[in-house]
Amino acid sequence: MTGVPASAAGGSSGAQGARGSAAAADDARSEVSGSASGPATGPEGGGKPARGGKIAAAAVNQASVWNVANLLTMLRLLLVPGFVALMLTGGGYDPAWRSVAWAAFAIAMITDLFDGHLARTYNLVTDFGKIADPIADKAIMGAALICLSALGDLPWWVTAVILGRELGITLLRFLVIRYGVIPASRGGKLKTLTQGVAVGMYVLALTGWLATLRFWVMAAAVVLTVVTGLDYVRQAIVLRRRGMAERAAALEEKEA
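Residues numbered from 1 in each chain as written. Predicted model: local features only at pLDDT ≥ 70, side-chain atom pairs only at ≥ 80, totals over all residues. Heavy atoms only, no water.

### Structural notes on the overall build of the chain
Here is the rule we go by: Each helix corresponds to a stretch of at least 4 residues labelled H or I by DSSP, and each strand to a stretch of at least 2 residues labelled E; elements are numbered beginning at the N terminus. Only protein chains enter the accessibility calculation, which uses a 1.4 Å probe; a residue whose area is less than 20% of its type maximum is buried, one above 50% is exposed, and one in between is partly exposed. Areas reported as accessible are Shrake-Rupley estimates using a 1.4 Å probe. Residue values count occlusion only from the protein chains shown.
Counting its secondary structure elements, the chain contains 8 helices and 0 strands. Along its sequence from the N terminus, the chain presents helices and strands in the succession α-α-α-α-α-α-α-α. Scored against the burial criterion, the 256 residues of the chain give a buried share of 31%. Carbon and sulfur atoms form 68% of the exposed surface of the chain, whose accessible area is close to 16,000 Å².

### Quick look at the packing of aromatic side chains
The condition that has to hold: Pairing of aromatic rings covers Phe, Tyr and the six-membered ring of Trp, with a centre-to-centre limit of 6.5 Å; geometry is then stacked below 30 degrees between planes, edge-to-face above 60, and tilted otherwise.
Counted under the stated rule, the structure contains 2 aromatic pairs. Aromatic side chains Phe-83 and Phe-105 sit 5.9 Å apart centroid to centroid with 40° between the ring planes, which places their arrangement in the tilted category. In this pair, Phe-83 sits in helix α3 (residues 68–88) while Phe-105 sits in helix α4 (residues 95–121), placing the two residues 22 residues apart along the sequence. Neither residue differs from the other here; Phe-83 and Phe-105 are each classed as buried.

### Focus: helix α6 (residues 156–175)
Worth spelling out the cut-off: Here the expected length of a helix is defined as 1.5 Å per residue gap, with one fewer gap than residues. Arc definition: directions from the helix axis to the C-beta atoms. Whether two residues are in contact is decided by their heavy atoms: any pair within 4.5 Å suffices.
When the terminal C-alpha atoms of α6 are compared, their 28 Å separation across 20 residues agrees well with the 28 Å that a helix rising 1.5 Å per residue should span. Of the residues making up α6, those classed as buried are Val-158, Thr-159, Ile-162, Leu-163, Arg-165, Glu-166 and Ile-169. Within α6, the buried residues cover an arc of 150° as seen down the axis, which keeps them to one side. Away from its buried face, by an angle of more than 90 degrees, α6 presents the exposed residues Trp-156, Trp-157, Ala-160, Leu-167, Leu-171, Phe-174 and Leu-175. Those residues of α6 that are buried are in contact with α5 (127–150), α7 (186–203) and α8 (209–255).

### With respect to the pattern of salt bridges
Short version of the rule: Every case where a carboxyl oxygen of Asp or Glu lies within 4 Å of a side-chain nitrogen of Lys or Arg is listed as a salt bridge.
Taken as a whole, this structure holds 7 salt bridges when the rule is applied. In this structure, Arg-76 and Asp-133 form a salt bridge, with 2.7 Å as the shortest nitrogen-oxygen distance. One end of the pair, Arg-76, is in helix α3; the other, Asp-133, is in helix α5, and 57 residues separate them in sequence. With a shortest N-O distance of 3.0 Å, Arg-234 and Asp-231 are connected by a salt bridge. With Arg-234 and Asp-231 both in helix α8 and 3 residues apart, the pair spans about one turn of that helix. A relative accessible area of 46% places Arg-234 in the partly exposed class. Residues participating in the shared-partner salt-bridge network are Arg-76, Asp-112, Asp-133 and Asp-137.

### Details of α5
Compared with an ideal rise of 1.5 Å per residue, which puts 24 residues at 34 Å, α5 spans 35 Å between its outermost C-alpha atoms and is within 8% of the ideal. At the C-terminal side of α5, Gly-152 shows a positive phi close to 85°.

### Here's the deal with the packing of α5 against α7
For clarity, the threshold we go by: Lines fitted to C-alpha atoms define the axes, with helix axes restricted to the stretch in contact, and inter-axis angles between N-to-C directions lie between 0 and 180 degrees. For classification purposes, angles smaller than 35 degrees are called roughly parallel, those larger than 145 roughly antiparallel, those between 65 and 115 roughly perpendicular, and all remaining angles oblique. The handedness criterion is simple: a crossing whose near helix is rotated anticlockwise from the far helix by less than a right angle is left-handed, and one whose near helix is rotated clockwise is right-handed. Under the convention adopted here, Pro, Cys and the residues Ala, Val, Leu, Ile, Met, Phe, Trp and Tyr are nonpolar, Asp, Glu, Lys and Arg are charged, and Gly plus all remaining residues are polar.
Where α5 contacts α7, the axes come no closer than 10 Å and their chain directions differ by 40°. With respect to α7, the axis of α5 lies oblique. As α5 packs across α7, the resulting crossing turns out to be left-handed. Contacts from Met-141, Ala-144, Leu-145 and Leu-148 of α5 reach α7 at Gln-195, Gly-196, Val-199, Tyr-202 and Val-203. Residues belonging to the contact of α5 with α7 are distributed by class as follows: 7 nonpolar, 2 polar and no charged.

### Concerning the nonpolar core
How we decide: Among buried residues, those of type Ala, Val, Leu, Ile, Met, Phe, Trp, Tyr and Cys that are joined through side-chain atoms within 4.5 Å constitute a nonpolar core.
Residues Phe-83, Met-87, Phe-105, Val-199 and Met-218 are the most contacted members of the largest nonpolar core, which totals 32 residues. Among the secondary structure elements, those contributing two or more residues to this core are α3, α4, α5, α6, α7 and α8. The biggest single contributor to this core is α5, with 7 residues. The residues touching Val-199, leaving out its near neighbours within four places in the chain, are Phe-105, Met-141, Ala-144, Leu-145, Leu-148 and Met-218.

Here it is in structure tokens:
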């Protein structure tokens, strides 16, 4: 016998149990806090992220896809088939339906201006947005040009020049992306704006001096399309040569 009263022994055991529970709670809070605030590390402190941290990070990245910038891009994609249907309703020459089609085209162009700005300003850039945004741009513009040419409102060679340039530059960007990114130039932005205005004017059933004006706006758009396309080709060549030179220099330094 130890001479310790049962009540005291029970109290001591209860105190130890309470302290053990408190320590366990503190450990649990620390684990939750570590998972929420940053990548957790293993018991050896090797810096390897715990599995729970990876799952939490993946969940955050997945949720970030559903942001306002990407929703605007999705809206622009959904407007493409609706725009085509409106353009071809009534044989494609009904001024009322052409006006509604113009409204759909205008909404698509406006969302094109806002989604990229929102993504850059509020850090909403995602892999989905990088892929879907240029696809949506080319889809709405291509649909409008093809409809106009099919209806006889716009020569097919204009559609071929604009779409050929857009698809060609997009492919060129992917080919040289290993050496760097070709930034959007002021001329490219002006080209996009001019194209949007010109195509929008052709979508509307304009007559008189407005019909003459839209011809010259489209002519300016075609010129800007060709000139900026050639400038992007020049930038791609320079970027590739610079990248190859830097790689060769780094390889020589490594061998030395």
